[in-house]
Amino acid sequence: LPISYYGAVMFKFIDLFAGIGGIRIACERNGGECLFSSEWDRFSQLTYEANFGEKPSGDITKTDEKSIPSHDLLSAGFPCQPFSSIGKREGFKHKTQGTLFFDVVRILKHHKTKMILLENVPGLVNHDKGKTLKTILEVLEKELGYEVHYKVLNASDYGVPQSRKRIYIVGFLKEANQQKSSFAWPKEDENSSTIGQFVEKQSDGYTISKHLQ
């Protein structure tokens, strides 16, 4: 079993819409053990397998939530689509039906996962005039019973020499936490990094054409 960089396993998580495993690395470094992963892009699957020694499960829409192991944290970088009532499944009418967020919801609903970490592009804030984010928050808070926090963060504010903004949605199941959580967003690094810190100062020649230079 994977052991964190800091010692024993502290929590168990699942990695949905896993890509090549960026969120998994962060979770494992902070005491997490991955019990299940899902990614349908075959090239991402190959890279993920090379990185972690296991191939992610495929299409999450065809994965039975009952087959997923019980876990403490659900992490998901789900795609953002317009929410529609078209194609509702019989017996489970839901405002997010027809979207991949629906699959996150059905897993949370079944497992009553204690914590959630969702990641998306910053455009989610204004997607469909803000209706998409509003729907997501309403479902998490009112239907599933999570205390929810969200914020757009930029990687360049945390020591990474790249401007990469993402919205993060963090949630804690209220019935698992009798008191309000003490969650706080990480403080920005006052000494932000720039790409110049990592570029060779005395390079000898180039490996690209004069045209590209």
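These numbers were taken from a predicted model, which means no experiment stands behind them. (Residues numbered from 1 in each chain as written. Predicted model: local features only at pLDDT ≥ 70, side-chain atom pairs only at ≥ 80, totals over all residues. Heavy atoms only, no water.)

## Structural notes on the sheet that holds strand 6 (residues 165–173)
Okay, so step 1: Overall, mixed pairing links the 6 strands, which are arranged 2-1-3-4-6-5 in an open sheet. Two strands lie at the open edges of the sheet, namely strand 2 (32–38) and strand 5 (146–154), each paired on one side alone. The average undirected angle you get between the axes of adjacent strands in this sheet is 20°.
Okay, so step 2: Inspection of the sheet shows strand 3 (residues 73–76) paired to strand 4 (residues 115–120) by 4 bridges, in the parallel sense. (Pairing = 2+ DSSP bridges. Helix = DSSP H or I, 4+ residues; strand = E, 2+ residues; numbered from the N terminus. Axes fitted to C-alpha atoms, helices over the stretch in contact; angles between N-to-C directions.)

## A word on the packing of aromatic side chains
Okay, so step 1: One pass over the structure, following the stated rule, counts 5 aromatic pairs.
Okay, so step 2: When the centroid spacing of 5.3 Å and the interplanar angle of 45° are considered together, the rings of F78 and F101 count as tilted. Placement of the pair is F78 in the loop between strand 3 and helix 3 (101–111) and F101 in helix 3, with a sequence separation of 23 residues.
Okay, so step 3: What makes F101 buried here is its relative accessible area of 0%.
Okay, so step 4: Consider the rings of F172 and F183, whose centres lie 5.9 Å apart with planes at 50°: the pair is tilted. One end of the pair, F172, is in strand 6; the other, F183, is in the segment after strand 6, and 11 residues separate them in sequence.
Okay, so step 5: Since its relative accessible area comes to 25%, F183 is described here as partly exposed.
Okay, so step 6: The structure contains a cluster of three or more aromatic residues connected by ring pairs, namely F172, F183 and W185. (Phe/Tyr/Trp six-rings, centres within 6.5 Å; stacked < 30°, edge-to-face > 60°. Buried < 20%, exposed > 50% of the residue type's maximum accessible area, 1.4 Å probe, protein only.)

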